[in-house]
Amino acid sequence: MSGGASKARHGHHDPHAHSIHKPGRRLMQAVPLNFVFNKVHGVGARSVSASLNLTAFIDFLIVTVIFLLMSFSASGEMIVDKNISLPQAENVQEVLDAPMVAVNGNQVLVNGTPAGSTRAIEDVGRMQKVDEVFELLKRQREMWKSFNPQKPFPGVAILQVDENVSALVVKSVFQTAAFAGYPNISFMVRRRGKPAQ
Amino acid sequence: MAGVDVGGGGKGKRQLNMEINMIPFIDLLMVTIMFLLITAVWVSYSRINANAQIPGPPDPTKEIDPKAPEKVLNLHILDNEFKLVWKQGATVVSESTIERPRLQGDFKYDDLAAKLTQEWTTHGGHKDQSDKVLDQAILHSDNKLIFKDVIAVIDALYNAQRDMMVDGSLKKVPAFNMSFSVR
């Protein structure tokens, strides 16, 4: 930019002075051609802001809400002990509402109540009846029978067992549950997708 | 922004066309979607069946039925192989083995599953659709075996399936009922 032009535009007295100018567009502003001016100022170009069709947007939102409501399950969430990593299996069934016996690396819990130590079972080194588990399950069975005197007792219990627990502990708890009147035992697992046939 | 046109609306009357503000409506939908997405259960849990068959002492008031014992599959989990033994009482009817692969990461015994299906097809005693009884399998495992290995074997066992009439409709059910061996 020449000194005269600069003075004319910004009103500077000294053409060589380095001063701070007001921010703004600078690129190709000094080109004295109409088509360049039009191009720079966007004359005749498509507008930058676009309008959104709200009908399609609301339809999409409503369909999403309906889908999520249909797949929403308030009762399907099972409480799994956070210290337990469940194994995966393919040939599985739906979970039932039954007493939960959780077995993690340290302890055994019946419906969240501590009922014995896993280490203690492993230290003995042979299968044994876990007395606390037996007592709690027996109490549960008696309570169920007092509430449902006419119905036959289903004898179903669900075992949440950590995938790294030894078979000795699993068999001990399994046998204890059977002794307490729960012969139909299920192991809780994570569902693994079946491969395509 | 958006309106509902119901027509009508003459001179001097209140206008029947109403403007609905779409912004709160969209906000409500967005919040509902967020709530449903946050509260959704993404991990689905299932169960795998086992049965603790503990025969009690014989009832002295009942007459003992002199029925021939059924064939039972004894599945032994050994260090390097699986041993499949069909027994009828104390008599060994059939015996076979299959290599036990060393599993890393994904615990799944595909070969064992195929072999068990084949074994049940050959020796299984309860195949009729109206038969509600399942063939019994007893799992013999070392006490130190980890649970995910046990579940992988039970999963392979339940791969063998058959048709069963349940409540008037035909359903696929596991061919075996599994229990642990207790010493």
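Use the structure listed above.
Caption draft 1: Layout of the packing of aromatic side chains. As enumerated under the stated definition, the model contains eight aromatic pairs over all chains in all. Between Phe174(A) and Phe180(B), the ring centres sit 4.9 Å apart and the planes meet at 85°, which makes this aromatic pair edge-to-face. With Phe174(A) in helix H6 (residues 167-179) and Phe180(B) in strand E10 (residues 176-180), the pair connects residues from two separate chains. Take Phe174(A) and Phe180(B): they sit in the same class, and that class is buried. Ring geometry for Phe82(B) against Tyr109(B): centres 4.9 Å apart, planes inclined by 80°, an arrangement best described as edge-to-face.

Caption draft 2: Region of interest: the pairing of strand E8 (residues 161-166) of chain B. Residues and elements named next belong to chain B. Note that E8 and strand E9 (residues 169-174) share six bridges and pair antiparallel. Residue pairing for E9: methionine 165 is matched across the bridge by leucine 170. As consecutive antiparallel partners, E8 and E9 are separated by two residues, and within that stretch aspartate 167 has a phi angle of approximately 55°, a positive value.

Caption draft 3: Quick look at the pattern of salt bridges. If you walk through the whole model with that rule in mind, you get eight salt bridges over all chains. With a shortest N-O distance of 2.8 Å, Asp149(B) and Arg100(B) are connected by a salt bridge. Here the residue Asp149(B) occupies a position in helix H3 (residues 147-157), and Arg100(B) occupies one in the loop between strand E6 (91-99) and helix H2 (110-123), the gap between them amounting to 49 residues. With a shortest N-O distance of 3.4 Å, Lys172(B) and Asp163(B) are connected by a salt bridge. Overall, the relative accessible area of 26% leaves Asp163(B) in the partly exposed class. Within this structure, Glu90(A), Lys108(B) and Asp110(B) form a network of salt bridges that share partners.

Caption draft 4: Representation of a negative patch on the surface in the model. Residues and elements named next belong to chain A. A cluster of like negative charges, contributed by Asp131, Glu132, Glu135 and Glu142, occupies part of the molecular surface. Within the secondary structure, glutamate 135 sits in helix H5 (residues 131-147). Of the residues examined, glutamate 135 reaches a relative accessible area of 40% and is grouped as partly exposed.

Caption draft 5: Looking closely at a nonpolar patch on the surface. Residues and elements named next belong to chain A. A cluster of nonpolar side chains, contributed by Leu27, Met28, Val31, Leu33 and Phe35, occupies part of the molecular surface with about 530 Å² of accessible area. Along the chain, phenylalanine 35 falls in helix H2 (residues 34-41). Under the relative-accessibility criterion, phenylalanine 35 is labelled exposed at 61%.

Caption draft 6: Broad picture of the packing of helix H3 (residues 54-71) of chain A against helix H1 (residues 22-39) of chain B. Direction vectors running N to C along H3(A) and H1(B) enclose 30°, while the axes themselves pass 9 Å from each other. When the axes of H3(A) and H1(B) are compared, the pair comes out roughly parallel. For the element pair H3(A) and H1(B), the recorded crossing hand is left-handed. On H1(B), the residues touching Leu54(A), Phe57(A), Ile58(A), Leu61(A), Ile62(A), Thr64(A), Val65(A), Leu68(A) and Leu69(A) of H3(A) are Met22(B), Phe25(B), Ile26(B), Leu29(B), Met30(B), Thr32(B), Ile33(B), Leu36(B) and Leu37(B). Its residues placed into classes, the contact of H3(A) with H1(B) shows 16 nonpolar, two polar and no charged.

Caption draft 7: Fine view of the interface of chain A and chain B. Contacts between chain A and chain B engage 51 residues on the former and 45 residues on the latter. Across the chain A/chain B interface, buried area totals approximately 4400 Å², and carbon plus sulfur atoms make up 65% of it. In terms of surface lost to chain B, no three residues of chain A exceed Asn91(A), Gln93(A) and Phe187(A), which account for 15% of the buried area on that side. Where chain A touches chain B, the interface holds two salt bridges. One salt bridge connects Lys148(B) with Glu163(A), and the closest N-O pair in it is separated by 3.9 Å.

Caption draft 8: Local environment of the side chain of Asn74(B). All names here are of chain B. For asparagine 74, the location among the structural elements is in strand E4 (residues 71-77). Its relative accessible area of 8% is what places asparagine 74 among the buried residues. One polar contact links asparagine 74 to histidine 140, side chain to side chain, over a distance of 2.8 Å.

Caption draft 9: Geometry of the nonpolar core. Counting 63 residues, the largest nonpolar core has Phe187(A), Leu75(B), Phe82(B), Leu112(B), Leu139(B), Ile154(B) and Phe176(B) as the members making the most contacts within it. For this core, the element with the highest residue contribution is H3(B), accounting for eight residues. Once residues lying within four places of it in the same chain are set aside, the contact partners of Leu139(B) are Leu75(B), Ile77(B), Val150(B), Val153(B), Ile154(B), Met178(B), Ser179(B), Phe180(B) and Ser181(B). Judged by nonpolar contacts, the second largest core, of 10 residues, contains Ile84(A), Met100(A), Ala102(A) and Met188(A).

Calculation rules
Residues numbered from 1 in each chain as written. Chains lettered and ligands numbered in written order. Predicted model: local features only at pLDDT ≥ 70, side-chain atom pairs only at ≥ 80, totals over all residues. Heavy atoms only, no water. Phe/Tyr/Trp six-rings, centres within 6.5 Å; stacked < 30°, edge-to-face > 60°. Helix = DSSP H or I, 4+ residues; strand = E, 2+ residues; numbered from the N terminus. Buried < 20%, exposed > 50% of the residue type's maximum accessible area, 1.4 Å probe, protein only. Pairing = 2+ DSSP bridges. Salt bridge = Lys/Arg side-chain N within 4 Å of Asp/Glu carboxyl O. Patch = residues over 30% accessible without salt bridge, like charges linked within 9 Å, V, L, I, M, F, W, Y side chains within 5 Å. Areas by Shrake-Rupley, 256 points an atom, 1.4 Å probe, with all protein chains shown as cover. Lys, Arg positive; Asp, Glu negative; His and termini not counted. Charge placed at Lys NZ, Arg CZ, Asp CG, Glu CD. Axes fitted to C-alpha atoms, helices over the stretch in contact; angles between N-to-C directions. Parallel < 35°, antiparallel > 145°, perpendicular 65-115°, else oblique. Left-handed = near helix turned anticlockwise from the far one by under 90°. Contact = heavy atoms within 4.5 Å. Nonpolar A, V, L, I, M, F, W, Y, C, P; charged D, E, K, R; others polar. Buried area = accessible area lost by both parts, 1.4 Å probe. Polar contact = N/O pair within 3.5 Å; in protein donor to acceptor, adjacent residues only side chain to side chain. Core = buried A, V, L, I, M, F, W, Y, C linked by side-chain atoms within 4.5 Å.

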